[in-house]
Number of protein chains: 2
Amino acid sequence: MNGSITLAEAFKNCKHPVVGHGKRNVRVLLDALAGTDGNEESDMYGKGETIERFQAKMAAYLGKPDAVFFPSGTMAQQIALRIHCDETGKRKVAYHPLSHLEIHEEDGLKELHRIETVRLADRDRLIRLDDVRLLDEDVACLLLELPQREIGGQLPPYAELEEMSAYCRGRGIRLHLDGARLFEILPYYDKSAAQICALFDSVYVSFYKGLGGVAGAILTGEPTLTARSKVWKRRHGGDLISLYPYVISSDYYFDRRIGKMAQYYAEAKSLAEMYNDCAHTIRTVPKAPVSNLFHVHSDLPKEVLESMLADVCEATDIGLASWVKALDDGGSAYEVSIGDRYAAVPIERLREAFAMLREKLLAYSA
Amino acid sequence: MNGSITLAEAFKNCKHPVVGHGKRNVRVLLDALAGTDGNEESDMYGKGETIERFQAKMAAYLGKPDAVFFPSGTMAQQIALRIHCDETGKRKVAYHPLSHLEIHEEDGLKELHRIETVRLADRDRLIRLDDVRLLDEDVACLLLELPQREIGGQLPPYAELEEMSAYCRGRGIRLHLDGARLFEILPYYDKSAAQICALFDSVYVSFYKGLGGVAGAILTGEPTLTARSKVWKRRHGGDLISLYPYVISSDYYFDRRIGKMAQYYAEAKSLAEMYNDCAHTIRTVPKAPVSNLFHVHSDLPKEVLESMLADVCEATDIGLASWVKALDDGGSAYEVSIGDRYAAVPIERLREAFAMLREKLLAYSA
């Protein structure tokens, strides 16, 4: 362990990064624009052929009557929850303690919309049917994130999801899907997006996670909700004169990668197996991934694991991760998200990297 | 007057449109990206070389210590006003009755930020020093829009602007500049952007009006304000993973057109003269433009003027306007905004168009 190079640098320079689709550079946009001659007209404040055609396409794919394109999921989800609150006359929504809205949005929902929140379930596990049964009837809406990203991308059994939906509908509690990674879980559930969305009153999907686009989101639901969401989109400052850079790239990467979700999922399972077979001080959460995503947890301090991964990366040119975060229990963790890059990684070289990592892990715990 | 073609269609098909820079199509983005090899890294949630370099460039140009790039002015301005309210402990802002915030934003400022508003001055005239002197001290911030777009782009004398600024500073009232068209008024005031901005506590500028970019805005001010604005940008859902399509195009069109504002202004003045010399039933507001922008008012009903302009457009291939709106007094009006196209219009053909318009106007009022 020379410690002379950081993990981020080693990852950036290596020949075989294992995670992601590729570099997030301007090429991502240029590729999406390569097929256009430039004569396509800009959308104008949410109107125009390009944006309306894509919204209709996504509404059909998600099995809902209407859809609205947003610059971000942060904006789309706050607005969906606000509308559910206004329509039900309630001021409270429930979500997981590690929901994106709770930990990544500077409390926009509370600060801008004055909506109270109920954190359902514990931080380190999924929301289950028994949790949902505890909800008071003053809750306007329950937000479910499928898969639950911050705990490694976990999912409830599909039958339980159906029960949760039925329970909420019986109690007048709206159900919103944070589908930031909805496309990525379709192979595991073996359902269409429309089947899953039918369980929810509103759904947000993203175009830059598994699909690898530039940015952008779709909110879909009943026409009353989508019509109201356009008014709130204007209020939030998201009704830009031109959203076409995001619309065109979202459409392009949707077509290019929607058919590859089963491949990413299979690759994630096989990579997770390598981690779980590596050494007793390292494991994946969940053990068997249910999408292209999982987390790697280790008993080692962050700096030690970082240094090991940097050394493995330099020695084998295999980039397993670009960052490691410390856990409260003294261990460490990082996220693995499979994209186009994985298929190009030479399997022998990958085995070498895991053999070297195993050696280091065993030496450390000896 | 055949009435067989709409004004919008005639304008779209004509050889010599007089207003604007060009079609708002994907070519606008492609031109801005033509110089990039694609290896430039994306910004990531507001961080990264491309966005930070452009923010620093605009802060320097506007003479302020810091600047933040926003997807829209709607978002940037609500946030600036919210911060002024929070910092002063007041809940009220003042602006013109036809401010963008009052008529184009679905009351976002009130609905999201619960800020009360004072509409200063009358709808059809500028805010003057005497109006500002009427402000109560419970007003956190006065927003001035320079030029005042909805009344044809008018400006107060510069000395009076300095007096307004001094008055507000003496009373603890913050001053915010809606500089959507700030670049466009620099030749008339014969001041630098930094000189004008020095009179204000915060300034918003836009990149798709006179500059003709794709979308995007800058908010500039003291570092406490810009730091707080980033938190609110996240809350609004404007802190996108990638804003580079707007950043790169804003930078490109700023460089390409910032030096042409004096030309657009001169062209606007000469076109306004042609209108004012045309017939007594048509005139410009203001009579002498102070930027690239002015409004054309007529005594004729909207449909009559529309039909005349469509006929002139078909007969001469000169597109003077693409739309006309009805006024409350039975007359009609439209906006003229000079951009790159004007210089390419054959002057003889333009004179022909005005001669034909004059004939029609005189025949109508006879």
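Residues numbered from 1 in each chain as written. Chains lettered and ligands numbered in written order. Predicted model: local features only at pLDDT ≥ 70, side-chain atom pairs only at ≥ 80, totals over all residues. Heavy atoms only, no water.

A. Molecular detail of the relation of the copies chain A and chain B. Of the two same-sequence chains, chain A is brought onto chain B (RMSD 0.0 Å, axial shift 0.0 Å) by a rotation of 180°. Read as a symmetry element, the transformation amounts to a two-fold axis. Considering only C-alpha atoms, the part of chain A nearest the rotation axis is A:L112, at 2.5 Å. Most of the interface of chain A is mirrored in chain B, where 100% of its interface residues again form contacts. (Least-squares fit on C-alpha atoms with pLDDT ≥ 70 in both. Contact = heavy atoms within 4.5 Å.)

B. Geometry of the interface of chain A and chain B. The interface is formed by 50 residues belonging to chain A together with 50 residues belonging to chain B. Overall, the association of chain A and chain B removes approximately 4,200 Å² of surface from exposure, summing both partners, and the carbon and sulfur fraction of that is 59%. Here chain A and chain B share two salt bridges between them. Close ionic contact of A:E41 with B:K12 constitutes a salt bridge, the shortest N to O distance being 3.1 Å. Our count for the chain A to chain B interface comes out at 31 residue pairs in polar contact (both at pLDDT 80 or more). Within the side of chain A that touches chain B, the residues separate by chemical class into 22 nonpolar, 14 polar and 14 charged. (Buried area = accessible area lost by both parts, 1.4 Å probe. Salt bridge = Lys/Arg side-chain N within 4 Å of Asp/Glu carboxyl O. Polar contact = N/O pair within 3.5 Å; in protein donor to acceptor, adjacent residues only side chain to side chain. Nonpolar A, V, L, I, M, F, W, Y, C, P; charged D, E, K, R; others polar.)

C. Quick peek at the packing of aromatic side chains. Taken as a whole and judged by the stated rule, the model has 29 aromatic pairs over all chains. Note on A:Y252 and A:Y253: the rings are 4.7 Å apart at their centroids and 90° apart in plane angle, and the pair reads as edge-to-face. Taking the relative accessible area as the measure of exposure, A:Y252 reaches 29% and is therefore partly exposed. For A:Y253, a relative accessible area of 2% corresponds to the buried category. An aromatic cluster of three or more residues is present, and its members are A:F54, A:Y61, A:F69, A:F183, A:F207 and A:F254. Across from the ring centre of B:F70, 5.5 Å away, lies the NZ or CZ of B:K233, which sits over that ring. (Phe/Tyr/Trp six-rings, centres within 6.5 Å; stacked < 30°, edge-to-face > 60°. Buried < 20%, exposed > 50% of the residue type's maximum accessible area, 1.4 Å probe, protein only. Lys NZ or Arg CZ within 6 Å of the ring centre and 35° of its normal.)

D. Seen up close, unusual backbone geometry. Here the amide bond leading from A:V285 into A:P286 is cis, since omega sits at -5°, within 30 degrees of zero. Structurally, the position occupied by A:P286 is in the loop between β9 (282-285) and β10 (293-298). A positive phi angle, close to 65°, is found at B:D317, a residue other than glycine. By secondary structure assignment, the location of B:D317 is in the loop between α14 (302-316) and β11 (318-319). (Helix = DSSP H or I, 4+ residues; strand = E, 2+ residues; numbered from the N terminus.)

E. Focus on the domain arrangement of chain A. Residues and elements named next belong to chain A. Partitioning chain A into structural domains gives domain 1 (7-22 + 260-365) and domain 2 (43-241). Here the C-alpha centroids of domain 1 and domain 2 sit 30 Å apart. Surface buried jointly by domain 1 and domain 2 totals about 1,300 Å² across both partners, of which 62% is contributed by carbon and sulfur atoms. Contact with domain 2 buries area across many residues of domain 1, yet M261, V290 and L293 alone supply 42% of it, more than any other trio. The tally of links between domain 1 and domain 2 comes to three residue pairs in polar contact (both at pLDDT 80 or more). When contributions to the side of domain 1 that touches domain 2 are tallied by element, the ones reaching two or more residues are α13 (261-276) and β10. (Domains from an automatic or database assignment.)

F. Focus on the sheet that holds strand β3 (residues 92-95) of chain A. Residue and element names in this part refer to chain A. Taken in spatial order, the seven strands make up an open sheet running β2-β8-β7-β6-β5-β3-β4, and their pairing is mixed. Strands at the two margins of the open sheet, each flanked by one partner only, are β2 (66-70) and β4 (116-119). For this sheet, the mean angle separating the axes of adjacent strands, direction not counted, is 20°. Note that strand β5 (residues 141-145) and strand β6 (residues 174-179) share five bridges and pair parallel. The residue bridging L143 from the neighbouring strand is H176, located in β6. (Pairing = 2+ DSSP bridges. Axes fitted to C-alpha atoms, helices over the stretch in contact; angles between N-to-C directions.)

G. Expanded view of the sheet that holds strand β6 (residues 174-179) of chain B. Residues and elements named next belong to chain B. Here seven strands make up an open sheet; going across it, the order is β2-β8-β7-β6-β5-β3-β4 and the pairing mixed. Because the sheet does not close on itself, it has two edges, and the strands there are β2 (66-70) and β4 (116-119). Geometrically, the sheet is characterised by an average inter-axis angle of 20° between neighbouring strands, direction not taken into account. Pairing between strand β7 (residues 202-206) and strand β8 (residues 217-221): five bridges, direction antiparallel.

H. Broad picture of the pairing of β10(A). All names here are of chain A. Across the six residues that make up β10, a large majority, five, are buried. Pairing of β9 with β10 involves four bridges; the strand directions are antiparallel. When the sheet's bridge partners are listed, I282 is paired in β10 with S298. Sheet topology note: the β10/strand β13 (residues 332-337) ladder contains six bridges and is antiparallel. Within the sheet, the bridge partner assigned to F294 lies in β13 and is V336.

I. Region of interest: the nonpolar core. Counting 204 residues, the largest nonpolar core has A:L142, A:L182, B:L142 and B:L182 as its most contacted members. For A:L142, the residues in contact, after removing those within four places along its chain, are A:A94, A:L120, A:I127, A:V132, A:L135, A:C168, A:I173, A:R174, A:L175 and A:H176. Ranked by size, the runner-up nonpolar core spans 28 residues in total, among them A:I79, A:I83, B:A180 and B:A217. (Core = buried A, V, L, I, M, F, W, Y, C linked by side-chain atoms within 4.5 Å.)

J. Representation of helix α3 (residues 49-62) of chain B in the model. Residue and element names in this part refer to chain B. Under the 1.5 Å per step criterion, the end-to-end length of α3 is 20 Å for 14 residues, consistent within 8% with the ideal 20 Å. Within α3, the full set of buried residues consists of T50, I51, F54, Q55, M58, A59 and L62. Along the long axis of α3, the arc covered by the buried residues comes to 160°, so they all point the same way. Exposed positions of α3 whose direction lies more than 90 degrees from the buried face are E49 and A60. As for α3, its buried residues are in contact with β2, α9 (182-189), α10 (193-197), β7, β8 and α12 (244-257). Downstream of α3 by one or two residues, G63 has phi in the positive range, about 75°. (Expected span 1.5 Å × (residues − 1). Arc of directions from axis to C-beta.)

K. Broad picture of the packing of α3(B) against α12(B). Residues and elements named next belong to chain B. Where α3 contacts α12, the axes come no closer than 10 Å and their chain directions differ by 35°. Both α3 and α12 take part in a crossing whose hand is left-handed. Residue-level contacts link T50, I51, F54, K57, M58 and Y61 of α3 to V247, I248, S250, D251, F254 and D255 of α12. Residue composition of the contact of α3 with α12, grouped by class: seven nonpolar, two polar and three charged. (Left-handed = near helix turned anticlockwise from the far one by under 90°.)

L. Seen up close, helix α15 (residues 347-365) of chain B. All names here are of chain B. Helix length check: α15 (19 residues) gives 27 Å between terminal C-alpha atoms against 27 Å at 1.5 Å per residue, within 8%. For α15, the full list of buried residues reads L350, A353, F354, L357, K360 and L361. Seen from one end, α15 has its buried residues packed into an arc of 125°, which puts them on one side. In α15, the exposed positions that point more than 90 degrees away from the buried face belong to E348, E359 and A363.

M. Molecular detail of the side chain of B:S72. In this structure, B:S72 sits in the loop between β2 and α4 (73-88). Judged by its relative accessible area of 9%, B:S72 is buried. Once residues lying within four places of it in the same chain are set aside, the contact partners of B:S72 are A:G237, A:L240 and B:A217.

N. Up close: the packing of helix α13 (residues 261-276) of chain B against α15(B). All names here are of chain B. It is the contact of α13 with α15, at a shortest axis distance of 10 Å, that shows an interaxial angle of 30°. The pairing of α13 with α15 is recorded here as roughly parallel in orientation. α15 is crossed by α13, and the crossing has right-handed handedness. Seen from α13, the contacting residues are L271, M274 and Y275; seen from α15, they are I347, L350 and F354. The class makeup of the residues in the contact of α13 with α15 is six nonpolar, no polar and no charged. (Parallel < 35°, antiparallel > 145°, perpendicular 65-115°, else oblique.)

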